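A closer look at the structure
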Amino acid sequence: MTPPDHPREEARHAPRRRDTEDPRRNLILRALPDEEYERLRPALRPVTLQVRDQLYRRDGDIDAVYFPVDGVLSVVASVDGEPAVEVATVGYEGVSGLPVFLGAATSPHDCFCQVAGDALCLPTADLRRFLSDDGALHDLLHRYTQTMVVQLSQNVACNRLHSTEERCARWLLQTRDRVGANEFQLTQDFLGQMLGVRRGTVSLVAGLLQQAGLIRYSRGRITVVDPEHLHEAACECYDVVQAENRRVGLVPEPPDGATTGHSPGD
Ligand SMILES: [Zn+2]
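Where an unreviewed UniProt entry is consulted, the protein appears under the name Crp/Fnr family transcriptional regulator, with the organism given as Geodermatophilus arenarius.

1. Re the overall build of the protein
Helices and strands together make up the secondary structure of the protein, namely 10 helices and 10 strands. With 266 residues in all, the protein has 51% of them scored as buried. In the protein, of all internal contacts separated by at least 6 residues, the share reaching a separation of at least 24 is 77%. For the protein, the accessible area works out to roughly 12,500 Å², and carbon and sulfur atoms hold 49% of it.

2. Quick look at the coordination of the zinc ion
Within the protein, the zinc ion binds to Cys158 (SG), His162 (ND1), Cys235 (SG) and Cys237 (SG); these donor distances fall in the range 2.2 to 2.4 Å. Taken together, the 4 donor atoms coordinating the zinc ion span angles of 96 to 120° at the metal, a pattern that classifies the geometry as tetrahedral. Binding-site remark: the zinc ion is held by donors from one chain whose sequence spacing is C-x3-H-x72-C-x1-C. With Cys158 in helix H5 (residues 136-161) and Cys237 in helix H10 (residues 237-247), this pair connects stretches of sequence that are 79 residues apart. Of the two residues, Cys158 and Cys237, both sit in the buried class.

3. Thoughts on helix H4 (residues 124-131)
For H4, the full list of buried residues reads Thr124, Asp126, Leu127, Phe130 and Leu131. Mapping the buried residues of H4 onto a view down its axis gives an arc of 160°, with all of them on the same face.

4. Structural notes on the pattern of salt bridges
Think of it this way: side chains of opposite charge can pair up when their charged atoms draw near. Applying the stated criterion across every chain yields a total of 9 salt bridges. Note that Arg41 and Glu38 form a salt bridge whose closest N and O atoms lie 3.0 Å from each other. A salt bridge links Arg199 to Asp189; the nearest nitrogen and oxygen atoms lie 3.3 Å apart. Of the two residues, Arg199 sits in helix H8 (residues 199-211) while Asp189 sits in helix H7 (residues 188-195), which places them 10 residues apart along the sequence. Judged by relative accessible area, Asp189 falls into the partly exposed class, the value being 46%.

5. What about unusual backbone geometry?
The phi torsion at Arg52 lies on the positive side, around 85°, for a residue other than glycine. With respect to the helices and strands, Arg52 occurs in the loop between strand S1 (45-49) and strand S2 (54-56). Under the relative-accessibility criterion, Arg52 is labelled partly exposed at 29%. Within the chain, Asp59 stands out as a residue other than glycine whose phi angle is a positive 65°. With respect to the helices and strands, the residue Asp59 is situated in the loop between S2 and strand S3 (64-68). Given the relative accessible area of 54%, Asp59 is considered exposed.

6. A short note on the environment of Val75
Considering the arrangement of structural elements, one finds Val75 in strand S4 (residues 72-77). Given the relative accessible area of 11%, Val75 is considered buried. Ignoring anything within four residues of it in the chain, the contact list for Val75 reads Tyr56, Val85, Glu86, Val87, Ala88, His109, Asp110 and Cys111.

7. Concerning the packing of H5 against helix H6 (residues 164-179)
Closest axis-to-axis distance for the H5/H6 pair is 11 Å, and the angle between their directions is 150°. Compared by their axis directions, H5 and H6 come out roughly antiparallel. Here Gln151, Asn155, Cys158 and Asn159 of H5 lie close against H6, whose contacting residues are Arg167, Arg170 and Arg178. Its residues assigned to classes, the contact of H5 with H6 shows 1 nonpolar, 3 polar and 3 charged.

Cut-offs used in this document
- Residues numbered from 1 in each chain as written.
- Predicted model: local features only at pLDDT ≥ 70, side-chain atom pairs only at ≥ 80, totals over all residues.
- Heavy atoms only, no water.
- Helix = DSSP H or I, 4+ residues; strand = E, 2+ residues; numbered from the N terminus.
- Buried < 20%, exposed > 50% of the residue type's maximum accessible area, 1.4 Å probe, protein only.
- Contact = heavy atoms within 4.5 Å.
- Areas by Shrake-Rupley, 256 points an atom, 1.4 Å probe, with all protein chains shown as cover.
- Donors = N, O, S within 2.8 Å, 3.2 Å for Na, K, Ca; no water.
- Tetrahedral: all angles 85-135°; square planar, octahedral: opposite > 155°, others 65-115°.
- Arc of directions from axis to C-beta.
- Salt bridge = Lys/Arg side-chain N within 4 Å of Asp/Glu carboxyl O.
- Axes fitted to C-alpha atoms, helices over the stretch in contact; angles between N-to-C directions.
- Parallel < 35°, antiparallel > 145°, perpendicular 65-115°, else oblique.
- Nonpolar A, V, L, I, M, F, W, Y, C, P; charged D, E, K, R; others polar.

Next comes the structure, spelled out in structure tokens:
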């Protein structure tokens, strides 16, 4: 895997993709009491993450954590001589770098940006300082850790029991929630890494979903055409993880009649 670049500051990049982006679209930041968010805000640095920007490296210090506003971060495990395998993803419901919250300074995994988007960067030293205040952030990160444990364990079952097509539909639906849009950029290589399959299999599976009228896939750009039927095509793991996010109060209940966890444009 090509070593990704270090995250670059927003000022050095193109304007945000959506002018109205609210940093508190991140559900952990949104759930903080206003007063606590205002205390935290000066330490939060807005960044625009590009695909392959690396947030921390295997066995390297985790210098900062990132609260995604949109876009998707990926945690991958590497085994010598084998392609990296995705073990978890982080979106607007969470934060990267949980190991530092749990008392570790490093991780045996790599974490990088899988789908470009905005995020708020918080240096680890500042995170530790805020956590020592024993405010709402501490409790929210505990709840988020619980959802991450469920995500990790569900991924084990998913990889073992569910078809590549079901898993692909699940991943695309989840990405749509996180990006907050029906269209997003995703290369076949990345989709293959997420699903743990070869490029040829990605083409085949994406082709099947496209023929069914659920998505369009052209030059690495995915368009979710029919989210309702994509939800039906996805394995139950999508709902299991969403339900846990709602149970701990991180993801709001969907509007009446909605079948997925998020409506683009919220
Ligand atoms: Zn599954």
